[in-house]
Amino acid sequence: MSDESTLRELLAAHDIPCDACRYNLRGQTGDKCPECGRPIKVERVRGVVEARAWRQRRMPGDRLVMAGLVGSLLGLGYAAGAVGTLVRVMMSGLATPIRLVLECTLWPLVIAYPLLAWMYLTRTSWIERRSRGGKLALAIVAWSLAPVDVLFVLAPLFLLVR
Ligand SMILES: [Zn+2]
């Protein structure tokens, strides 16, 4: 297909703003912006369309799924912190029972958050096909693993240790 007909086809199907004046070039058949006269480049138009399609594949349309994705990505930071704490705990002279409790609470987070984030990023359409309740449950898990852990397990434990 020639660049010219590719360009026409892309502009027929997509809202593409002009680089210079942001005029919507949808449906244009010429190779210049009718508003400001800037040449319309097929590579540039193709780039915009592809970037948009990529975003749509990655970004879930569903708000619950989106919320879960954000929660799981934020959780990655917590998981990284948990790894650091784990290393310190394992190297510290803490009494064995306390150490065991800490290890048992931190390990699941270290594993769960990367797993959740991976699931949200690569199995998005599978998650989107779950029921509303299922999506909500998953989103709650993604947001609450770390806070629940800190509030109910780690905080009392640290108070005890002090
Ligand atoms: Zn223009």
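1. Some words on empty space enclosed by the protein
Part 1 of the reasoning: Under the criterion given, the structure shown has one cavity of 30 Å³ or more.
Part 2 of the reasoning: Of the volumes computed, that of the largest cavity is approximately 90 Å³.
Part 3 of the reasoning: Taken together, Ile16, Pro17, Cys18, Asp19, Leu25, Arg38, Pro39, Ile40, Lys41, Arg44, Val45 and Val48 form the lining of the largest cavity.
Part 4 of the reasoning: In the lining of the largest cavity, the residues fall into eight nonpolar, no polar and four charged.

2. Remarks on the coordination of the zinc ion
Part 1 of the reasoning: Summarising the metal site, the zinc ion is bound by the protein donors Cys18 (SG), Cys21 (SG), Cys33 (SG) and Cys36 (SG), whose distances to it range over 2.3 Å.
Part 2 of the reasoning: On the primary sequence, the residues serving as donors to the zinc ion are separated as C-x2-C-x11-C-x2-C. Highlighted residues: Cys21 in the loop between helix H1 (3-13) and helix H2 (42-58) and Cys36 in the loop between H1 and H2, separated in sequence by 15 residues.
Part 3 of the reasoning: Classification of Cys36 by relative accessible area gives partly exposed; the value is 39%.

3. Considerations on unusual backbone geometry
Part 1 of the reasoning: Look at Arg22: it is not a glycine, yet its phi comes out positive at around 65°.
Part 2 of the reasoning: Topologically, Arg22 is positioned in the loop between H1 and H2.

4. Side note on H1
Part 1 of the reasoning: Of all the positions in H1, only Thr6, Leu7, Leu10 and Leu11 are classed as buried. The buried residues of H1 occupy an angular sector of 125° when projected down its axis, which confines them to one face. Residues of H1 that are exposed and point over 90 degrees away from its buried face: Glu4 and Ala12.

5. Focus: the confidence of the model for the chain
Part 1 of the reasoning: Scored by pLDDT, the chain has a mean of 87; 96% of the residues are at 70 or more.
Part 2 of the reasoning: Considering each helix and strand of the chain separately, the mean pLDDT is smallest for helix H6 (residues 132-161), with a value of 83, and largest for H1, with 92.

6. With respect to helix H3 (residues 63-91)
Part 1 of the reasoning: Across its 29 residues, H3 extends 42 Å between first and last C-alpha, which sits within 8% of the 42 Å expected from 1.5 Å per residue.
Part 2 of the reasoning: Burial in H3 covers these residues: Leu64, Val65, Gly68, Leu69, Gly71, Ser72, Gly75, Ala79, Ala82, Leu86 and Val89.
Part 3 of the reasoning: Sitting at the amino-terminal end of H3 is Asp62, which places a side-chain oxygen 2.8 Å from the backbone nitrogen of Leu64.

7. A closer look at the pattern of salt bridges
Part 1 of the reasoning: Counting across every chain of the model gives five salt bridges.
Part 2 of the reasoning: Notably, a salt bridge pairs Asp15 with Arg26, separated by 3.3 Å at the nearest N-O pair. Of the two residues, Asp15 is situated in the loop between H1 and H2 and Arg26 in the loop between H1 and H2; the sequence distance between them amounts to eleven residues.
Part 3 of the reasoning: Its relative accessible area of 37% is what places Asp15 among the partly exposed residues.
Part 4 of the reasoning: The closest approach of N and O atoms between Asp62 and Lys135, which form a salt bridge, is 2.8 Å. In this pair, Asp62 is assigned in the loop between H2 and H3 and Lys135 in helix H6, connecting sequence segments 73 residues apart.
Part 5 of the reasoning: Asp62 gets classed as partly exposed once you look at its relative accessible area, which sits at 22%.
Part 6 of the reasoning: You can call Lys135 buried: its relative accessible area is 9%.

Here is what the cut-offs are and how they apply
- Residues numbered from 1 in each chain as written.
- Predicted model: local features only at pLDDT ≥ 70, side-chain atom pairs only at ≥ 80, totals over all residues.
- Heavy atoms only, no water.
- 1 Å grid on protein atoms, 1.4 Å probe; cavity = no way out; pocket = protein on both sides within 12 Å on 5 of 7 lines; lining within 4 Å.
- Points joined across faces, edges and corners; volume = space filled by probe spheres on them.
- Nonpolar A, V, L, I, M, F, W, Y, C, P; charged D, E, K, R; others polar.
- Donors = N, O, S within 2.8 Å, 3.2 Å for Na, K, Ca; no water.
- Helix = DSSP H or I, 4+ residues; strand = E, 2+ residues; numbered from the N terminus.
- Buried < 20%, exposed > 50% of the residue type's maximum accessible area, 1.4 Å probe, protein only.
- Arc of directions from axis to C-beta.
- pLDDT = per-residue confidence, 0-100.
- Expected span 1.5 Å × (residues − 1).
- Polar contact = N/O pair within 3.5 Å; in protein donor to acceptor, adjacent residues only side chain to side chain.
- Salt bridge = Lys/Arg side-chain N within 4 Å of Asp/Glu carboxyl O.

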